[in-house]
Structures are given as C-alpha cells and as structure tokens.
Amino acid sequence: MRRIFSSIVIAAGLLGSASASPITEALAGNRWIAYAPTHYSPAESPPAVPGRESLRADLKVLHEAGFTGLITYGADIPAIADIAQEMGFRAMLLGIWDP
C-alpha cells in the first residue's frame, strides 16, 4: 500500500498541464531530510516526548545545514510543524510509520 500511495502522489504532480503543479514544485524546490526528534521514544510507556527547546535545537542544526523541507515519521508531536515554520523551513511531509 505504501508504494501505491507514493506513486499516486508523484504521479499527481506529473499529470495535467505542462507547467509544474504545486506538489511537483514543492518536491523539487526543497532540500529534504527525514527527521526523528532527539530523545523521542514512542515505545516507552508513557512515550518520552522531547520539549520545544530540544526540537528547536534539532531543527536549528538541520536548517543551518541547508535543509528546507522536513519529512516526519508521524504526527505525534504537533510542535514540530510550528517550530519548523518559525525557523524558516518551507515545506513538510507527514510520513506514516506502519511497521
């Protein structure tokens, strides 16, 4: 199922007019990195969730390294999107972790 979804998202950007779609532009126009927060341990009970300052420190390192887009492994930490936007990241893809 994951392979089909990826294909649909990419194909959606390739179909239609000759000009690039917003999806294609976002995919091609950013430098992407997959991101899992430092000190995040969802398997613990209760899950160990990093604070905003830890997230900010992680994202600062990634942004200074030239990354402009984040790919997350889920939506368990909503603060990631807020902090990333504040720090100047231009795009974010929500990944779905399904082991």
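All values reported here derive from a predicted model rather than from experimental measurement. (Residues numbered from 1 in each chain as written. Predicted model: local features only at pLDDT ≥ 70, side-chain atom pairs only at ≥ 80, totals over all residues. Heavy atoms only, no water.)

Asker: Looking at this model, I keep getting lost on the packing of helix α3 (residues 52–64) against helix α4 (residues 79–87). Mind explaining?
Answerer: Pairs of packed helices are described in terms of their axes, by the angle between the two and the distance that separates them. Packing of α3 against α4 leaves a shortest axis separation of 10 Å and a crossing angle of 45°. What the angle tells us is that α3 and α4 run oblique. Where α3 crosses over α4, the handedness of that crossing is right-handed. Across the interface between the two elements, R52, L55, R56, L59, K60 and H63 from α3 touch A79, I80, D82, I83, A84, E86 and M87 from α4. (Axes fitted to C-alpha atoms, helices over the stretch in contact; angles between N-to-C directions. Helix = DSSP H or I, 4+ residues; strand = E, 2+ residues; numbered from the N terminus. Parallel < 35°, antiparallel > 145°, perpendicular 65-115°, else oblique. Left-handed = near helix turned anticlockwise from the far one by under 90°. Contact = heavy atoms within 4.5 Å.)

Asker: Explain the pairing of strand β2 (residues 69–72) to me, please; I cannot follow it from the model alone.
Answerer: Note on strand geometry: in a regular strand, side chains alternate between the two faces of the sheet. Relative to β2, strand β1 (residues 32–35) is paired through four bridges, and the arrangement is parallel. By the bridge assignment for β2, I33 is matched with L70. In this fold, β1 hands off to α3, which returns the chain to β2; that crossover is right-handed. In terms of strand pairing, β2 meets strand β3 (residues 91–94) through four bridges, oriented parallel. When the bridges of β3 are listed, I71 appears paired with L93. As for the winding sense of the linkage, the β-α-β connection from β2 through α4 to β3 is right-handed. (Pairing = 2+ DSSP bridges. Right-handed = clockwise from strand over helix to strand, strands pointing away.)

Take it as geometry only, folks, not as evidence of what the structure does.
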